Amino acid sequence: MCRLLAYSGDPTFMDALVCAPNNSLVRQSLHACEGKTATNGDGFGLAWYSDREEPGLFRDLRPAWSDENLRSLCAQVRSPLFFAHVRAATNTATTRANCHPFACGRYAFMHNGQIGAYHKVRRRLEALLPDELFDLRAGTTDSELLFLLVLAEMERGEKPAGAVSRVMHQTKELMLAAGVAEALRFTAILSDGQTIWAFRVACDGLSPRLYLRERPGATIIASEPLDSLRDAWTLVADNSVTTIRHGLGAVTEPLAITGPCWPVAA
């Protein structure tokens, strides 16, 4: 599975988290400690916010550990809110359009997880997209599709947590109708440039992990602790949404999804 991190806080150079720590995201691209696969070499990406409403985006197919442009960019860009992601592809092509993060307007999104037997429900899920969002679909991944489905629900008035809950319910219902018994797992991070929403949910209770660290002026959320100070990192609860706003700290709440296939949120 993929590895990811998000930062919100006082403006900082991205290399301080992406490249420098002992267990940096660049290191995790080659030697992940807690991932299903140790190597995440099917591309990488960055999204960052600065003076403009829409995020900057840089994605490429080279493994993060061997891309000098990634290190150079991270050493020069300072941001109060940024995403980074290294990809381990699951049954979709290794192309730039399939690399995370994805962006649409002021929103950025990245995902670690999967729709079980995605090929059996892809067409039905794409049919749920309004035309204007379907036209923005550039890749073939379930991750990008879930992002656009969440945005569609938000355009109908749902808040991010409600939008994710509805999309998870719809997706699992279509999987069941198609006879798919495999799991739906959704560990994902969404931002509008001001707020980060981090989701950890799975119908089988086995969503990929997220860890949270808060320190003065900064909040970090990542697939793995970035350093050896493991006591400083808190494992985010399963079936939850964590909301992060700079200056207000992080708040984790249960994410309730209706239907008999979903665990009861704690």
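Structure: see above.
Residues numbered from 1 in each chain as written. Predicted model: local features only at pLDDT ≥ 70, side-chain atom pairs only at ≥ 80, totals over all residues. Heavy atoms only, no water.

Colleague: Could you give an account of the layout of surface pockets, with specific residues and numbers?
Modeller: Reported here for the second largest pocket is a volume of approximately 180 Å³. Around the second largest pocket, the lining residues are Thr90, Asn91, Thr92, Gln114, Ile115, Gly116, Ala117, Tyr118, His119, Arg122, Asp142 and Glu182. Where the lining of the second largest pocket is concerned, the elements lending two or more residues are β6 (107-115) and α4 (118-126). At three residues, the largest contribution of residues to the lining of the second largest pocket is made by α4. Residues belonging to the lining of the second largest pocket are distributed by class as follows: three nonpolar, six polar and three charged. (1 Å grid on protein atoms, 1.4 Å probe; cavity = no way out; pocket = protein on both sides within 12 Å on 5 of 7 lines; lining within 4 Å. Points joined across faces, edges and corners; volume = space filled by probe spheres on them. Helix = DSSP H or I, 4+ residues; strand = E, 2+ residues; numbered from the N terminus. Nonpolar A, V, L, I, M, F, W, Y, C, P; charged D, E, K, R; others polar.)

Colleague: Please provide a residue-by-residue account of a negative patch on the surface, values included.
Modeller: A surface patch of like charges, here negative, comprises Asp131, Glu132, Asp135 and Glu155. The class for Glu132 is partly exposed, based on a relative accessible area of 48%. (Patch = residues over 30% accessible without salt bridge, like charges linked within 9 Å, V, L, I, M, F, W, Y side chains within 5 Å. Areas by Shrake-Rupley, 256 points an atom, 1.4 Å probe, with all protein chains shown as cover. Salt bridge = Lys/Arg side-chain N within 4 Å of Asp/Glu carboxyl O. Lys, Arg positive; Asp, Glu negative; His and termini not counted. Charge placed at Lys NZ, Arg CZ, Asp CG, Glu CD. Buried < 20%, exposed > 50% of the residue type's maximum accessible area, 1.4 Å probe, protein only.)

Colleague: Give a detailed account of the environment of Ala178, specifying residues and quantitative values.
Modeller: Residue position: Ala178 is located in the loop between α7 (160-177) and β7 (184-191). Using a relative accessible area of 26% as the deciding quantity, one classes Ala178 as partly exposed. A C-alpha to C-alpha distance of 7.0 Å links Ala178 and Val121, two positions 57 residues apart in sequence. Other than its neighbours up to four places away in sequence, Ala178 contacts Lys120, Val121 and Arg124. (Contact = heavy atoms within 4.5 Å.)

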